[in-house]
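One-letter residues, chain by chain:
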Amino acid sequence: QVQLVESGGGLVQVGGSLRLSCAPAGRTFSSYAMGWFRQAPGKEREFVATLVWSGNSTHYIDSVEGRFTVSRGSAENTVYLQMNSLKPEDTAVYYCAADTRNGGIAPLWADEYDYWGQGIQVTVSS
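Since we're looking at a predicted model, the values are computed, not measured.

So, how was this worked out
Residues numbered from 1 in each chain as written. Predicted model: local features only at pLDDT ≥ 70, side-chain atom pairs only at ≥ 80, totals over all residues. Heavy atoms only, no water. Core = buried A, V, L, I, M, F, W, Y, C linked by side-chain atoms within 4.5 Å. Buried < 20%, exposed > 50% of the residue type's maximum accessible area, 1.4 Å probe, protein only. Helix = DSSP H or I, 4+ residues; strand = E, 2+ residues; numbered from the N terminus. Pairing = 2+ DSSP bridges. Salt bridge = Lys/Arg side-chain N within 4 Å of Asp/Glu carboxyl O. Axes fitted to C-alpha atoms, helices over the stretch in contact; angles between N-to-C directions. Disulfide = S-S within 2.5 Å. Contact = heavy atoms within 4.5 Å.

**Notes on the nonpolar core**
Here is step 1 of the chain: Judged by nonpolar contacts, the single largest core of 28 residues is most densely connected at Leu-20, Trp-36, Leu-81, Met-83 and Tyr-94.
Here is step 2 of the chain: Among the elements of the structure, strand 1 (2-7), strand 3 (18-26), strand 4 (33-39), strand 5 (46-52), strand 7 (68-72), strand 8 (79-83), strand 9 (92-99) and strand 11 (120-125) are those that each provide at least two residues to this core.
Here is step 3 of the chain: Considering each element in turn, this core owes the most residues, four residues, to strand 9.

Below you can see the structure in the form of structure tokens.
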């Protein structure tokens, strides 16, 4: 019933930019934070970024700090991930997720999130 839908993925060149969107579908819900994760072929799913609604606090994995920006959309539970200066190692399936329970700690782990999108492919090539 609760769904998150990612959009904006695709194929980009090294150094290019892409903006991913994550929007809810179906039943409405309240969240504490929204996060972005990614999983490259043969790799574990890893944390990328999160936005905690209170204060619009953001956190990033070191490898994307300064290149990626997570921001709040105008609609409830909607977030964007602006990705600049893309590198081949950014190639992955990107997932957005919603944490509906954590009220005190920025969620950096996948098991802290309750709802997930289906994932969207981002491919960075030369």
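**A word on the pairing of strand 3**
Here is step 1 of the chain: As defined by bridge partners, strand 1 adjoins strand 3 across six bridges and the pair is classed as antiparallel. Bridged to Gln-3 within strand 3 is Ala-25.
Here is step 2 of the chain: For strand 3 and strand 8, the ladder comprises five bridges, and the chain directions are antiparallel. Within strand 8, the residue paired with Leu-18 across the bridge is Met-83.

**Considering the pattern of salt bridges**
Here is step 1 of the chain: Enumeration according to the criterion identifies four salt bridges in this entry.
Here is step 2 of the chain: Between Glu-46 and Arg-38 there is a salt bridge whose closest N-O contact spans 2.7 Å.
Here is step 3 of the chain: When its relative accessible area of 29% is taken as the criterion, Glu-46 is described as partly exposed.
Here is step 4 of the chain: Owing to a relative accessible area of 4%, Arg-38 belongs among the buried residues under this scheme.
Here is step 5 of the chain: The partner of Asp-114 in a salt bridge is Arg-101, with the nearest N and O atoms 2.5 Å apart. With Asp-114 in the loop between strand 9 and strand 10 (115-116) and Arg-101 in the loop between strand 9 and strand 10, this residue pair connects regions lying 13 residues apart in the sequence.
Here is step 6 of the chain: Residue class for Asp-114 comes out partly exposed when judged on its relative accessible area of 24%.
Here is step 7 of the chain: Salt bridges here are not isolated pairs; linked through shared partners, they connect Arg-38, Glu-46, Arg-67 and Asp-90.

**Here we look at the sheet that holds strand 3**
Here is step 1 of the chain: Spatially, four strands are ordered 1-3-8-7 in an open sheet, and the strand pairing comes out antiparallel. A single partner strand is all that each edge strand has here, and the edge strands are strand 1 and strand 7. For this sheet, the mean inter-axis angle between neighbouring strands, taken without regard to orientation, is 20°.

**Remarks on the state of the cysteines**
Simply put, disulfide is the name for a covalent bond between the sulfur atoms of two cysteines.
Here is step 1 of the chain: Under the defined criterion, the tally for this structure stands at one disulfide.
Here is step 2 of the chain: What pairs with Cys-22 in a disulfide is Cys-96, and their sulfur atoms sit 2.1 Å apart. Handedness here is read from the sign of the S-S torsion; for Cys-22 and Cys-96, about 65°, the answer is right-handed. Taken together, the positions of Cys-22 in strand 3 and Cys-96 in strand 9 put the pair 74 residues apart, joining distant regions of the chain. Like Cys-22, the residue Cys-96 is buried in the burial classification.

**Here's the deal with the environment of Tyr-60**
Here is step 1 of the chain: Turning to its location among the elements, Tyr-60 is positioned in strand 6 (residues 57-60).
Here is step 2 of the chain: Looking at Tyr-60, the relative accessible area reads 15%, which means it is buried.
Here is step 3 of the chain: Separated by 13 residues in the primary sequence, Tyr-60 and Phe-47 have C-alpha atoms spaced 7.9 Å apart.
Here is step 4 of the chain: Among all residues touching Tyr-60, those that are not within four sequence positions of it are Phe-47, Val-48, Ala-49, Glu-65, Phe-68, Thr-69 and Val-70.

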